[in-house]
Each structure stands twice: as C-alpha cells, then as structure tokens.
Amino acid sequence: AITQAVNEFLSKLNPEQQKVFVRRYWYASSIEEIAGDFGITESKVKSVLFRLRKKLKRELEKEGISL
C-alpha cells in the first residue's frame, strides 16, 4: 500500500521534483551533489525537498497511512 502511494505521489510531480526526490531518498545523494548535477543552488534543493516531504505526508495521510 505504501509503495503504491509513494509511486502515485511521484507520478504527480514535475520531472525536476521527481529527480531531486529520487536522488536524495533512493540513491542517498548529498544536497551538494544534487545541486551540482542539476545546476541549482543547495538552498533550492533543500526547499524542494522540504516541500515534497510535507506534500508526501499529506498524500499518505489521505490514503490512511500515518507516519
């Protein structure tokens, strides 16, 4: 259930958000590596990840999955 919910969440993101999220949480890339690879600032990476975590939490709660 949680895997399906996370996959559904990822499918709704724009390509940049998907890449940043997957690089950080699937491949454990550092903030610095992600910023360098995508040509964005570290603060932008941090803010994107912060917003995505909040959004994911809301989506999971809608599905009845609490963290």
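As the structure is a prediction and not an experimental result, all values here were calculated from the model.

Calculation rules
Residues numbered from 1 in each chain as written. Predicted model: local features only at pLDDT ≥ 70, side-chain atom pairs only at ≥ 80, totals over all residues. Heavy atoms only, no water. Phe/Tyr/Trp six-rings, centres within 6.5 Å; stacked < 30°, edge-to-face > 60°. Patch = residues over 30% accessible without salt bridge, like charges linked within 9 Å, V, L, I, M, F, W, Y side chains within 5 Å. Areas by Shrake-Rupley, 256 points an atom, 1.4 Å probe, with all protein chains shown as cover. Salt bridge = Lys/Arg side-chain N within 4 Å of Asp/Glu carboxyl O. Lys, Arg positive; Asp, Glu negative; His and termini not counted. Charge placed at Lys NZ, Arg CZ, Asp CG, Glu CD. Helix = DSSP H or I, 4+ residues; strand = E, 2+ residues; numbered from the N terminus. pLDDT = per-residue confidence, 0-100. Buried < 20%, exposed > 50% of the residue type's maximum accessible area, 1.4 Å probe, protein only. Contact = heavy atoms within 4.5 Å.

(A) Main features of the packing of aromatic side chains. For the structure shown, the criterion picks out three aromatic pairs. These aromatic residues form a ring-pair network of at least three members: Phe9, Phe21, Tyr25 and Trp26.

(B) View of a positive patch on the surface. On the surface, Arg51, Lys54, Lys55 and Arg58 cluster together into a patch of positive charge. Relative to the assigned elements, Lys55 resides in helix 4 (residues 42-62).

(C) Seen up close, the confidence of the model for the chain. Mean pLDDT over the chain works out to 96, with 100% of the residues at or above the 70 mark. Looking across the chain, the model is least confident in helix 1 (residues 2-11), with a mean pLDDT of 94, and most confident in helix 3 (residues 31-38), with 98.

(D) Representation of the environment of Glu61 within the structure. In this fold, Glu61 is placed in helix 4. Judged by relative accessible area, Glu61 falls into the partly exposed class, the value being 43%. Separated by 54 residues in the primary sequence, Glu61 and Asn7 have C-alpha atoms spaced 15 Å apart.

(E) Spotlight on the side chain of Ser29. By the secondary structure assignment, Ser29 is in the loop between helix 2 (15-25) and helix 3. Take Ser29: its relative accessible area is 6%, and that puts it in the buried class. Apart from residues lying up to four places away in sequence, Ser29 is in contact with Arg23, Arg24 and Ile34.

(F) Broad picture of unusual backbone geometry. Not every positive phi belongs to a glycine, and Ala28 is a case in point at roughly 55 degrees. Here Ala28 shows up in the loop between helix 2 and helix 3. On the basis of relative accessibility, which here comes to 63%, the residue Ala28 falls in the exposed class.

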